[in-house]
Amino acid sequence: MDQSAELRNEARILGLLEGIAGVPQLLDIDDAGAKLVLTRLDGTPLAPAAAEHPGELDRVLRTLLALLATLEQVHARGVLHGHLGPGKLLALPGGGVGLLDFGRAVVQQHIEAGPQPGGDLLPRAFGAPEQTGRMARSVDYRADYYALGAIGYWLLTGQPPFVETAPLALLHAVLTRPPPPVHQIAPWVPPGVSALLDKLLAKSPEARFQSAHGLRQDLQRCLDGQLDFTPGTHDPRTQPTRP
């Protein structure tokens, strides 16, 4: 998708997301589709914000809950962001998380629908396996859950789940290997939190969390100190719907 097409797509997507606090609002687009005028979210890029409190468990869990809250609203409008990563996130005043760059987002009317497996030209450190186009399946909102897990992994360890830099090596890792469990890199992370991230980073979307409700419940359990439980026990797959 060229830059002009991405801008036109972003304008269309932002029109669907009007009124969501953690998403920039579209003010104008020029006739040629070469420039968008957006409201400015009053926040700090996630990377420098996280660097001020590296690896603080409670802060990381609250960040993931806030990101999930914004994602839940986006998904409820039928939109998959699809390209989440630390560079697309803002830490907002009051603890919220803002999302940026919807140029490659897609509209999904049902959870079974999604972009067909053309995939990205190159694998991405925070991208789900099915987004590589090598799994012969469509992509849905659970790809954003994978990215949320990868962001949590990065917040706790300082690195993405896979650190390979060569595209083919990264592709092979994303498709075939589980990432090292978080608690092996950061031994202070409780096993329950590590297991929750393992579930989010599962290769198969069916093995990940299936609902915002189930994921939110388990993140809150971790935040409340209930760290010895099986993630996803109460997580029926449900259609994201607008509240």
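Right above here is the structure, for reference.
As a starting point, this report considers the structure included with it. (Residues numbered from 1 in each chain as written. Predicted model: local features only at pLDDT ≥ 70, side-chain atom pairs only at ≥ 80, totals over all residues. Heavy atoms only, no water.)

**Considering the nonpolar core**
Consideration 1: Of all hydrophobic cores here, the largest spans 59 residues; its most connected members are Phe102 and Leu215.
Consideration 2: Among the elements that take part in this core, helix H4 (residues 142–157) stands out by supplying 11 residues, more than any other.
Consideration 3: For leucine 215, the residues in contact, after removing those within four places along its chain, are Leu68, Tyr145, Leu148, Leu196, Leu200, Phe209 and Asp235. (Core = buried A, V, L, I, M, F, W, Y, C linked by side-chain atoms within 4.5 Å. Buried < 20%, exposed > 50% of the residue type's maximum accessible area, 1.4 Å probe, protein only. Helix = DSSP H or I, 4+ residues; strand = E, 2+ residues; numbered from the N terminus. Contact = heavy atoms within 4.5 Å.)

**Regarding the packing of helix H7 (residues 191–200) against helix H8 (residues 212–223)**
How two helices sit against one another is set out by the angle between their axes and by the gap between those axes.
Consideration 1: Look at H7 against H8: their axes get within 10 Å of each other, and the N-to-C directions meet at 160°. Compared by their axis directions, H7 and H8 come out roughly antiparallel. Handedness of the crossing formed by H7 with H8: left-handed. Counting all contacts with H7, which are made through Gly192, Val193, Leu196 and Leu200, the residues of H8 involved are Leu215, Asp218, Leu219 and Cys222.
Consideration 2: Taken together, the residues of the contact of H7 with H8 break down into 6 nonpolar, 1 polar and 1 charged. (Axes fitted to C-alpha atoms, helices over the stretch in contact; angles between N-to-C directions. Parallel < 35°, antiparallel > 145°, perpendicular 65-115°, else oblique. Left-handed = near helix turned anticlockwise from the far one by under 90°. Nonpolar A, V, L, I, M, F, W, Y, C, P; charged D, E, K, R; others polar.)

**Observations regarding the environment of leucine 38**
Consideration 1: Mapped onto the elements of the fold, leucine 38 is located in strand E2 (residues 36–38).
Consideration 2: For leucine 38, a relative accessible area of 30% translates into the label partly exposed.
Consideration 3: For leucine 38 and glycine 158, which are 120 residues apart along the polypeptide, the C-alpha to C-alpha distance reads 31 Å.
Consideration 4: Those residues in contact with leucine 38 that sit more than four places away from it in its chain are Glu10, Leu14, Pro24, Gln25, Leu26 and Leu27.

**Describing the sheet that holds strand E5 (residues 89–91)**
Consideration 1: The strand order across the open sheet built from 3 strands is E3-E5-E6, with neighbouring strands paired in antiparallel fashion. Both outer strands of the open sheet, strand E3 (44–45) and strand E6 (97–99), are each paired with one neighbouring strand and no more.
Consideration 2: Pairing analysis gives 2 bridges linking E3 to E5, with the strands arranged antiparallel. Paired with threonine 44 across the strands is alanine 91, a residue of E5.
Consideration 3: Helix H3 (residues 57–76) rests against E5 and E6 of the sheet, and its axis sits at about 40° to E6. (Pairing = 2+ DSSP bridges.)

**Considerations on the environment of glycine 82**
Consideration 1: Inspection of the secondary structure puts glycine 82 in the loop between strand E4 (79–80) and E5.
Consideration 2: Measuring from C-alpha to C-alpha, the distance between glycine 82 and leucine 36 comes to 20 Å, with 46 residues separating the pair along the chain.
Consideration 3: Apart from the residues lying within four places of it in its own chain, the contact partners of glycine 82 are Arg124, Gln131 and Asp144.

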